[in-house]
Amino acid sequence: MRARSTGRRLTVAAVAAALVASGAALGLSAAPAATAAAAPAPLATRIAGTVNRSDRAAVLAAFQARYVVPSRVSATWTGSVASCRAGSTSAAFTNATLTAINWARGQAGMPPVLGVNATYSARAQRTALLMQAAGAVSHAPPSSWACWSAAAATGASHSDLALGVAGARAVGMYLVEPGAANVGAGHRRWLLYPRLGQIGIGNTTVANAVYVIGSATRLPAGVPAYYAWPTSGYFPRDAEPRGLWSLSSSQGYSFAHAAVRVVGPGGAVLRVTRYTPQAGFGDSTLVWRLASPPSLTIRTDQTYRVTVTGIRTPSGATTSYSYRTTLVT
């Protein structure tokens, strides 16, 4: 089904909410092999091109230019389900998808991906066609599906997959991770993975595949040891992932025995549900859900304080990590 515009302000969370009933998404975590709050503390030196999260205006400007505007780019697909023709969408639509991915990476302090690989994109395009034709999503699609091909199957096993939305809006859904099957935040982990190299992008008007497995790079210099979503510093309220928050480690730290504590804007400790930590298929990550997600309608800044204890380093030492995220509009 197609996600339809409702006239509401375009938000990452609204895109995902509209798809809980009508769309589907699969990440690869389980696949086969205006009152302003006080400014956050200054961040470490950033990688070139990343968002200055200590600058409220810069965060909001980047979100508007690199997610909201790309999300409004229309898709015109030249393919056909009837003839199993993969076709393509416009360069503008592909670029909008890439821009949205790189916005998220820049907000998280990560470098942009190294570019779009033509071979990966051809496979991803066949995969997007396959999902639209089947009306279903799978990392191991059976050959009985309409428009199945070996290239589509390879793309499915190597990609983040979304059905019901495409382009930059699919990126928004990946970041929110709607649905009980996505509490491992597999899509998000892949898109923010610091070692992610070249990717492939495939779109129809209602399906998306982002080919992510196959070109891992060395860890870029300057990448933070920890990166969160929502991130530390200022973070666009309209991108808040409906209460499903995460913290990842680029240094191989383990969250197997970690505990998380979140203090809300009013000073009260918030109730959270901690999910099984994830490792492999991206960096190790702890995911939790706030029992009461932040409201998208509040127009004043709100600061949340997060502390994760019981983190294990590769040497076996125990450490902790604390940060603040301030939701802004």
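Residues numbered from 1 in each chain as written. Predicted model: local features only at pLDDT ≥ 70, side-chain atom pairs only at ≥ 80, totals over all residues. Heavy atoms only, no water.

Trainee: How do you make sense of the sheet that holds strand β7 (residues 244-249) when you look at a structure like this?
Mentor: Backbone-to-backbone hydrogen bonds join strands into a sheet, with any given pair of strands oriented parallel or antiparallel. The four strands are arranged β5-β7-β11-β10 in an open sheet whose pairing can be described as antiparallel. On the outer flanks of this sheet lie β5 (226-229) and β10 (272-274), each paired with one strand and no other. Across this sheet, the average inter-strand angle for adjacent strands is 20 degrees, counted without regard to direction. The pairing of β10 with strand β11 (residues 284-290) spans three bridges and is antiparallel. Bridged to V272 within β11 is L290. (Pairing = 2+ DSSP bridges. Helix = DSSP H or I, 4+ residues; strand = E, 2+ residues; numbered from the N terminus. Axes fitted to C-alpha atoms, helices over the stretch in contact; angles between N-to-C directions.)

Trainee: I keep staring at the pattern of salt bridges and nothing clicks. Help me out?
Mentor: A side chain with one charge may pair with a side chain of the opposite charge, provided their charged atoms come close. Overall, the coordinates contain two salt bridges when judged by the stated rule. Measuring nitrogen to oxygen at the nearest pair gives 2.8 Å for the salt bridge that ties R56 to D301. You can see R56 sitting in helix α2 (residues 56-71) and its partner D301 sitting in the loop between β11 and β12 (302-312), a full 245 residues away along the chain. The partly exposed category is assigned to R56, whose relative accessible area is 23%. Where D283 meets R195, a salt bridge forms, and the shortest distance between an N and an O atom there is 3.4 Å. Placement of D283 in the loop between β10 and β11 and of R195 in the loop between α7 (186-192) and β3 (200-203) is noted, with a sequence separation of 88 residues between them. For R195, a relative accessible area of 22% translates into the label partly exposed. (Salt bridge = Lys/Arg side-chain N within 4 Å of Asp/Glu carboxyl O. Buried < 20%, exposed > 50% of the residue type's maximum accessible area, 1.4 Å probe, protein only.)

Trainee: Help me out: how do you make sense of the state of the cysteines in this one?
Mentor: Covalent bonding between the sulfur atoms of two cysteines defines a disulfide. Inspection of the entire model under this criterion finds one disulfide. With its sulfur 2.2 Å from that of its partner, C84 forms a disulfide with C147. Because the sign of the S-S torsion sets the handedness, a value of about -85 degrees for the bond joining C84 and C147 places this disulfide among the left-handed ones. Here the residue C84 occupies a position in the loop between α2 and α3 (91-107), and C147 occupies one in the loop between α4 (118-134) and α5 (150-157), the gap between them amounting to 63 residues. (Disulfide = S-S within 2.5 Å.)

Scope: geometric values only; no functional claims are made or implied.
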